[in-house]
Structures are given as structure tokens and as C-alpha cells.
Amino acid sequence: MNSSLILALCVAFSALWSASGSPVRTAGEVNFTECKALSIKLNEMARHLYNTVESPKTSSIIDDPPVSIRPIDTCNPRSLLDNRETCQSRIILALKNYTTIFHKNGVFKNSACSKWRARANEIADVTGALLRMLKEPVVDVPLTAVDWYDNALCRDSVERLYSFSIISARVFSFLASQEAQVEMKQC
């Protein structure tokens, strides 16, 4: 074969190969790398708030069951490889709950928690951004709570958010690493 023909074929194939570039996401796919970055940011913000929000002077028992990640939600790496929907739906439910709690109309709007309101609103922005990344609507629903309950809810909500943020950061880090492995295989 003519060497110029071989060269032309090589150039054509490499142009086609480089034009395809990295895999393109479809509109319905979740970018877990972005979710990882947002969940790590959420964890850092939750840790800061955890270290600054004071415990109430009086103790109260908060009997509402928290929206949390449970063992049956299968958020461990092995289960995430097989089926991530159960874990992802539980994370979405918790994110909606925390968006409501930390939103401008949530627990931190009242006087007992108002000194942490700005930070709480920033957290609501991050949880809202995570919901949007997961293709979920962000609903602005005011939280109704009895005033005496708010002081206890501040610390309790922060503690629960901090625990949740650790787990969600681990889940999204794992899913992002799996996403990167798939992209590497396609190259």
C-alpha cells in the first residue's frame, strides 16, 4: 500500500478518535463527580456548624425519627455497584429534609438559633444544589415548630446533618470513582 494512503488513513482515524473525546452525559444522567464535590463542601460546612452551635441549656427529648441513612438503605460499596437507587432515594429524602430545616424559613430563623442563620442558609443552598444535581426539585416549604422546641432542634439538626454529610460524601465519592473508571475504560 502506498505510504501516503496509510498516512491519510491514520490521520483520518485519529481525527475521528479525538473528535469523539470523553463520553458525553445524557440529560438524565447524574454527574457524581459534581455530587462528590458538593457533598464534601456540605460536610465541611456541617463540621463547622457542629463545632459552633451550642448545646441547649435545658435538655429535651426529640422523638421525631430522623431522616437518616439506615443499614437497609444499602449504601455500602458492594450494594451501590448492584443497585444505587435505594441509597440514592434515601439520600434525596434526607437532602429535602435538611433543605427545609436549614432554609431561611427553617429552624434557624428563630431567636434561639438566629446567630447561626447565615451559615444555615448557606447549607440549605448546598443541599439544594445537590438536589438539583440529582435531578430533584427544591421545594421551599416553611418549617413549623413550637418556639421552645427550636433551641433543642438547632443542635440536634446540626448533629444529624453532620452524620448524614459524612455518609453522603462517602457514597458520592464511591460513585464518582466508579464513574471515572467507566470513563477510563471507554478511552
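Residues numbered from 1 in each chain as written. Predicted model: local features only at pLDDT ≥ 70, side-chain atom pairs only at ≥ 80, totals over all residues. Heavy atoms only, no water.

Novice: Sorry, what's going on with the overall build of the chain here?
Specialist: A tally of regular secondary structure across the chain gives 6 helices and 0 strands. Reading the secondary structure of the chain in the N-to-C direction produces α-α-α-α-α-α. Each of the 187 residues in the chain was classed as buried or not, and the buried ones make up 36%. Taking the contacts inside the chain whose residues are at least 6 apart along the sequence as the reference set, 81% of them involve residues at least 24 apart. When the accessible area of the chain is evaluated, it comes to approximately 11,200 Å², of which 57% is carbon and sulfur surface. (Helix = DSSP H or I, 4+ residues; strand = E, 2+ residues; numbered from the N terminus. Buried < 20%, exposed > 50% of the residue type's maximum accessible area, 1.4 Å probe, protein only. Contact = heavy atoms within 4.5 Å. Areas by Shrake-Rupley, 256 points an atom, 1.4 Å probe, with all protein chains shown as cover.)

Novice: Looking at this model, I keep getting lost on helix α4 (residues 85-102). Mind explaining?
Specialist: One turn of the α-helix equals 3.6 residues, which is why residues spaced by three or four share an orientation. Counted at 1.5 Å a residue, the expected span for α4 with its 18 residues is 26 Å, and the 25 Å between its end C-alpha atoms agrees. Among the residues making up α4, those that are buried are Cys-87, Gln-88, Arg-90, Ile-91, Ile-92, Ala-94, Leu-95, Tyr-98, Thr-99, Thr-100, Ile-101 and Phe-102. (Expected span 1.5 Å × (residues − 1).)

Novice: So what exactly am I meant to see when it comes to the packing of aromatic side chains here?
Specialist: Each pair of aromatic rings is reported with the distance of its centres and the angle of its planes. A complete count under the given rule lists 5 aromatic pairs for this structure. When the centroid spacing of 5.1 Å and the interplanar angle of 20° are considered together, the rings of Phe-102 and Phe-108 count as stacked. Among the aromatic side chains, those forming a connected cluster through ring pairs are Tyr-98, Phe-102, Phe-108 and Phe-164. Above the plane of the ring of Tyr-50 lies Arg-155, whose end atom (NZ or CZ) is 4.5 Å from the centre. (Phe/Tyr/Trp six-rings, centres within 6.5 Å; stacked < 30°, edge-to-face > 60°. Lys NZ or Arg CZ within 6 Å of the ring centre and 35° of its normal.)

Novice: What's the story with the pattern of salt bridges in this structure? I'm lost.
Specialist: Think of it this way: side chains of opposite charge can pair up when their charged atoms draw near. Evaluated as defined, the whole model comprises 5 salt bridges. With a shortest N-O distance of 3.0 Å, Arg-155 and Glu-159 are connected by a salt bridge. Note that Arg-155 and Glu-159 are positioned in helix α6 (residues 147-186) at a spacing of 4 residues, about one turn of the helix. Classification of Arg-155 as buried rests on a relative accessible area of 10%. (Salt bridge = Lys/Arg side-chain N within 4 Å of Asp/Glu carboxyl O.)

Novice: Hey, could you run me through the packing of helix α2 (residues 32-52) against helix α5 (residues 117-133) in this one?
Specialist: When two helices pack together, their arrangement is given by the angle between the helix axes and the distance between those axes. The contact between α2 and α5 brings their axes to 10 Å, and the two run at 160°. Comparing their axes, α5 and α2 come out roughly antiparallel. The element α2 and its partner α5 pack so that their crossing is left-handed. On the side of α2, the interface is formed by Glu-34, Cys-35, Leu-38, Ser-39, Lys-41, Leu-42, Met-45, Ala-46, His-48 and Leu-49, while α5 contributes Arg-119, Glu-122, Ile-123, Val-126, Thr-127, Ala-129, Leu-130 and Met-133. Considering only residue class, the contact of α2 with α5 consists of 11 nonpolar, 3 polar and 4 charged. (Axes fitted to C-alpha atoms, helices over the stretch in contact; angles between N-to-C directions. Parallel < 35°, antiparallel > 145°, perpendicular 65-115°, else oblique. Left-handed = near helix turned anticlockwise from the far one by under 90°. Nonpolar A, V, L, I, M, F, W, Y, C, P; charged D, E, K, R; others polar.)

Novice: Teacher, can you tell me more about α2 here?
Specialist: Along its 21 residues, α2 runs 30 Å from first to last C-alpha, staying within 8% of the 30 Å computed at 1.5 Å per residue. Turning to α2, its buried residues number three or more, namely Phe-32, Cys-35, Leu-38, Ser-39, Leu-42, Asn-43, Met-45, Ala-46 and Leu-49. One side-chain oxygen at the N-terminal end of α2 lies 3.0 Å from the backbone nitrogen of Thr-33; it belongs to Asn-31. (Polar contact = N/O pair within 3.5 Å; in protein donor to acceptor, adjacent residues only side chain to side chain.)

Novice: What am I meant to see in the nonpolar core here?
Specialist: Inside soluble globular proteins, nonpolar side chains tend to come together where they are buried. Ranked by internal contacts, the top residues of the largest apolar core, which has 44 residues, are Phe-102, Phe-108 and Phe-164. Within the residue set of this core, elements represented by two or more residues are α2, α4, α5 and α6. The greatest single-element share of this core, amounting to 11 residues, is contributed by α6. Discounting residues that sit within four places of it in the chain, Phe-102 has contacts with Leu-49, Phe-108, Ala-120, Asn-121, Ile-123, Ala-124, Ser-157, Val-158 and Leu-161. (Core = buried A, V, L, I, M, F, W, Y, C linked by side-chain atoms within 4.5 Å.)

Novice: Teacher, can you tell me more about the state of the cysteines here?
Specialist: Put plainly, a disulfide is one covalent bond tying together the sulfur atoms of two cysteines. The tally for this structure, following the rule as stated, stands at 2 disulfides. Two residues share a disulfide in this structure: Cys-75 and Cys-87, whose sulfurs sit 2.0 Å from each other. Classification of the bridge connecting Cys-75 and Cys-87 rests on its S-S torsion, roughly 110°, and on that basis the disulfide is right-handed. Of this pair, Cys-75 sits in the loop between α2 and α3 (77-82) while Cys-87 sits in helix α4, and the two are 12 residues apart along the sequence. Classification of Cys-75 as buried rests on a relative accessible area of 16%. With a sulfur-sulfur separation of 1.3 Å, Cys-113 is cross-linked through a disulfide to Cys-154. Linking Cys-113 in the loop between α4 and α5 with Cys-154 in helix α6, this pair joins segments that are 41 residues apart in sequence. Given a relative accessible area of 0%, Cys-113 falls into the buried group. Its relative accessible area of 1% is what places Cys-154 among the buried residues. Here the bonded cysteines of the chain are numbered in sequence order, and their pairing is 1-2, 3-4. (Disulfide = S-S within 2.5 Å.)

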